[in-house]
Amino acid sequence: MTAIQLNAEILRNLGTLAEDESMLKRIAKYLRKLVYEKKADPTEMTKEEFFARVDEAREQIKQGKCVSFSDPKEMDAWLNSL
């Protein structure tokens, strides 16, 4: 289903429930919860933000501002020291 089709289905269903105030209150409460969850996701970023972070990381590697390990034990030791 496309976004347009989903929007049409949602609006059709809302039209059916529009006269039931208690149902509309429940829907509004649930929608607020969904919007809050979407805004609260710290890992969500745009494609542009993601690639900007990748470019920044590559630049830091070029400048030697990174940590590298020759084997897993060395990495474990570093992580345990934090």
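Residues numbered from 1 in each chain as written. Predicted model: local features only at pLDDT ≥ 70, side-chain atom pairs only at ≥ 80, totals over all residues. Heavy atoms only, no water.

Looking only at helices and strands, the protein has 4 helices and 0 strands in total. Starting at the N terminus, the α and β elements of the protein follow one another as α-α-α-α. Computed over C-alpha atoms, the radius of gyration of the protein comes to 24 Å, more than 25% over the 12 Å expected from 2.2 N^0.38 for 82 residues, which places it beyond the range of a compact globule. In terms of its C-alpha atoms, the protein occupies a principal-axis envelope of roughly 65 × 30 × 20 Å. Sorting the 82 residues of the protein into buried and exposed places 1% on the buried side. For the protein, the exposed surface amounts to about 7,900 Å²; the carbon and sulfur share of it is 59%. Positive and negative side-chain charges of the protein, numbering 14 and 15 respectively, have mean locations separated by a distance of 4 Å. (Helix = DSSP H or I, 4+ residues; strand = E, 2+ residues; numbered from the N terminus. Rg over C-alpha atoms; globule rule 2.2 N^0.38 Å. Buried < 20%, exposed > 50% of the residue type's maximum accessible area, 1.4 Å probe, protein only. Areas by Shrake-Rupley, 256 points an atom, 1.4 Å probe, with all protein chains shown as cover. Lys, Arg positive; Asp, Glu negative; His and termini not counted. Charge placed at Lys NZ, Arg CZ, Asp CG, Glu CD.)

Our focus in this paragraph is the confidence of the model for the protein. Scored by pLDDT, the protein has a mean of 90; 100% of the residues are at 70 or more. When mean pLDDT is compared element by element in the protein, helix α3 (residues 47–62) scores highest at 94, while helix α2 (residues 21–40) scores lowest at 87. (pLDDT = per-residue confidence, 0-100.)

Taken as a whole, this structure holds 2 aromatic pairs when the rule is applied. With 5.1 Å between their ring centres and 75 degrees between their planes, Phe50 and Phe51 make a pair best called edge-to-face. Their ring planes at 55 degrees and their centres at 5.6 Å tell us that Phe69 and Trp78 sit as a pair that is tilted. Under the relative-accessibility criterion, Trp78 is labelled partly exposed at 36%. (Phe/Tyr/Trp six-rings, centres within 6.5 Å; stacked < 30°, edge-to-face > 60°.)

This part covers the pattern of salt bridges. All told, the structure shown has 1 salt bridge when counted by the stated rule. In this structure, the salt-bridge partner of Lys25 is Glu21, at a minimum N-O distance of 3.6 Å. One end of the pair, Lys25, and the other, Glu21, are both in helix α2, 4 residues apart, so they sit about a helical turn from each other. For Lys25, a relative accessible area of 56% corresponds to the exposed category. (Salt bridge = Lys/Arg side-chain N within 4 Å of Asp/Glu carboxyl O.)

In this fold, Leu31 is placed in helix α2. Classification of Leu31 by relative accessible area gives partly exposed; the value is 44%. Taking C-alpha positions, Leu31 is 14 Å from Asn13, a pair spaced 18 residues apart along the chain.

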